[in-house]
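Residue-level listing of the chains:
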Amino acid sequence: MIWNELPKSFTELEPYELSDFFEPLTLCRVEGEKDEWVFLSVMLHGNEPSGLRVAQEILKKYNGKPPRGLILLIGNVVAAKNGSRRLDDQPDYNRIWLGGEGFEFDRAQDVLNELKKIHFFAGVDIHNNTGKNPPYGCINRLDKKLAQLAKRFSKNCVYFINPMEVLSHRLAAMMTGMTIECGLPNDKEQEKNAFRFVDQLLHLDRLAEVTPRADEINIYHSYTKLLIPDACTVSFTGDTSTDFSFFPHFDELNFQSVKVGESIGLVNNEKAKIIVLDEKGEDRSSEYFTYEEGVIRFKKSCVPSMFTKDVRVIHQDCLGYLMEELSVELLK
Ligand SMILES: [Zn+2]
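Note that this is a predicted model, so its numbers are computed, not measured.

Focus: unusual backbone geometry
In most cases, non-glycine residues show a negative phi, while peptide bonds are predominantly trans.
And then number 1: The omega angle of the peptide bond from Asn162 to Pro163 is 0°, so this bond is cis rather than trans.
And then number 2: Note that Pro163 resides in the loop between strand 7 (156-159) and helix 5 (167-174).
And then number 3: Positive phi values are uncommon outside glycine, yet Glu293 reaches one of about 50°.
And then number 4: With respect to the helices, strands and loops of the structure, Glu293 is situated in the loop between strand 14 (289-290) and strand 15 (295-298).
And then number 5: With phi around 55°, Met306 is a residue other than glycine that occupies positive phi space.

What follows is the structure, given as structure tokens:
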């Protein structure tokens, strides 16, 4: 089930060409010198090319023979062919890792069964965002070693429990594994940062198992998701004919602390309210925003993340998340 060879042209392939060579969710092995392996997952979402670019640059740098062996998971090659996150008739490839019925779910279980047989130094699932965000890591356990891994990628680290169906949850259970978010697709600076991070993992002898200092890492707990009611329209250009009219700098709030009373836009329809759901799916809307005279203001201080201005994403997925900062003392 694991390929022992990559196509000769692999380092030059564009995302849309992957399906000429790979089935969806294909594992490939690239031999290295050290005993432990590094796991890299790329393109679980077909419109997020940074992971593929990083893997290609690593293979080019080491001429196909990295210091530590790589196990590469190549994700949704079918969606990559037309540059979309997923096709309408496919599940989201980062929501198939906790079981379910169908081709992708079966394949995900096969991948996990293979990974269980291998001894990993670390594992990284590489993604891009749909909004303007600084680079950040995501961890699913409050674990010192995982935080040591995360801080090598970025000072910003997000801890979340839901959704449980993501790959990084399964990785965290079997290795020091996490997700990295490399900004918008094709952000070359962020791709370079991700490359430097992965390159380190190929060389490092070990990861420290001590708690990082508070000035080395910001750990945020992502605990609420913001939704826009399906029937409501949204704009970011000052257009007052839409139900919600958010400010143009909306996505620049990501990873910035917002204070009580700070505004993010206007509502032009009395019934338009942002829906705030907590990790248990409970409605907490009235605790977070006020709408006096049509101005949307924060009722609590918090840190936004993944705020996006992509209207399609807002309706398909969400408007963004709110986070609170956690003390490093919580790391076990
Ligand atoms: Zn993604």
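From this point, the narrative continues.
Some points on the domain arrangement of the chain
It is common to give the size of an interface as the accessible area lost on bringing the parts into contact.
And then number 1: Under the domain assignment, the chain is made up of domain 1 (2-216) and domain 2 (223-330).
And then number 2: With centres defined by C-alpha atoms, the gap from domain 1 to domain 2 works out at 29 Å.
And then number 3: Contacts between the two partners involve 15 residues from domain 1 and, on the opposite side, 17 residues from domain 2.
And then number 4: Grouping the constituent residues of the side of domain 1 that touches domain 2 by class yields 7 nonpolar, 7 polar and 1 charged.

Considering the environment of Lys273
And then number 1: Examined against the element boundaries, Lys273 turns out to sit in the loop between strand 12 (263-267) and strand 13 (275-278).
And then number 2: Using a count of 18 C-beta atoms within 10 Å as the deciding quantity, one classes Lys273 as partly exposed.
And then number 3: Sequence separation between Lys273 and Phe289 is 16 residues; the distance between their C-alpha atoms is 8.6 Å.
And then number 4: For Lys273, the residues in contact, after removing those within four places along its chain, are Ser285 and Tyr291.

Remarks on helix 6 (residues 188-203)
And then number 1: End to end, helix 6 covers 23 Å across 16 residues, agreeing with the expected 22 Å (1.5 Å per residue, within 8%).
And then number 2: Restricting attention to buried positions, one finds in helix 6 the residues Gln190, Glu191, Asn193, Ala194, Phe197, Val198, Leu201 and Leu202.
And then number 3: Looking at the buried side of helix 6, the elements it contacts are strand 3 (37-42), helix 1 (50-61), strand 5 (120-127), helix 4 (144-153) and strand 8 (177-181).

Topic: the sheet that holds strand 11 (residues 244-246)
And then number 1: Read from one edge of the open sheet, 5 strands run 10-11-12-15-14, paired in mixed fashion. Lying at the two open borders of the sheet, with one neighbouring strand each, are strand 10 (234-235) and strand 14.
And then number 2: Bridging between strand 10 and strand 11 involves 2 bridges; their strand directions are parallel. Residue pairing across strands places Ser235 opposite Ser245, the latter belonging to strand 11.

A look at the packing of helix 1 against helix 6
And then number 1: At a closest axis distance of 9 Å, the pairing of helix 1 and helix 6 adopts a crossing angle of 55°. When the interaxial angle is binned, helix 1 and helix 6 end up oblique. Where helix 1 crosses over helix 6, the handedness of that crossing is right-handed. Every residue of helix 6 that contacts helix 1 at Ser50, Arg53, Val54, Glu57 and Ile58 is listed here: Gln190, Glu191, Ala194, Phe195, Val198 and Asp199.
And then number 2: Classifying every residue of the contact of helix 1 with helix 6 gives 5 nonpolar, 2 polar and 4 charged.

Some points on helix 4
And then number 1: Of all 10 residues in helix 4, 7 are buried, a share of seventy percent or more.
And then number 2: Within helix 4, burial applies to Leu146, Ala147, Gln148, Leu149, Ala150, Lys151 and Phe153.

Regarding the pairing of strand 6 (residues 136-139)
And then number 1: Across the two faces of strand 6 the burial is the same, with Tyr136 and Cys138 and Gly137 and Ile139 all buried.
And then number 2: Two elements, strand 6 and strand 8, share 3 bridges in a ladder whose sense is antiparallel. Residue Tyr136 lies in a different strand from strand 8, and its bridge partner there is Glu181.
And then number 3: For strand 6 and strand 7, the ladder comprises 3 bridges, and the chain directions are parallel. Looking across to strand 7, one finds that Cys138 is bridged to Val158.
And then number 4: In the classification by handedness, the crossover that spans strand 6, the intervening helix 4 and the parallel strand 7 is right-handed.

What counts, and where the lines are drawn
Within each chain, residue numbers correspond to sequence positions counted from 1 in written order. A pLDDT threshold of at least 70 governs which residues receive local features in this predicted model, and a stricter bar of 80 or more applies before side-chain atom pairs are shown or counted, although totals over entire chains, interfaces and linings include all residues. Helix and strand definitions here come from DSSP, where helices need a minimum of 4 consecutive H or I residues and strands a minimum of 2 consecutive E residues; each element is numbered from the N-terminal end. All the domain ranges listed were derived from an automatic or database domain assignment. C-beta atoms are first placed from the backbone for all residues, and any pair lying within 7 Å is then listed as a contact. All amino acids are sorted into three groups, where Ala, Val, Leu, Ile, Met, Phe, Trp, Tyr, Cys and Pro are nonpolar, Asp, Glu, Lys and Arg are charged, and the leftover types, Gly among them, are polar. Field definition: a residue is buried when 20 or more other C-beta atoms are found within 10 Å of its C-beta, exposed when 12 or fewer are, and partly exposed for counts in between, with C-beta atoms placed from the backbone. Here a helix's expected span is defined as the number of its residues, less one, multiplied by 1.5 Å. A pair of strands is labelled paired if DSSP reports no fewer than 2 bridges between them. What counts as an axis is a line fitted to C-alpha atoms, over the stretch in contact for a helix, and the angles between N-to-C directions run from 0 to 180 degrees. By definition in this entry, angles of less than 35 degrees are roughly parallel, angles greater than 145 are roughly antiparallel, angles of 65 to 115 are roughly perpendicular, and the rest are oblique. A clockwise turn of the near helix away from the far one marks a right-handed crossing, whereas an anticlockwise turn of less than a right angle marks a left-handed crossing. We call a crossover right-handed when, viewed with the strands running away from us, the connection from the first strand over the helix to the second turns clockwise.

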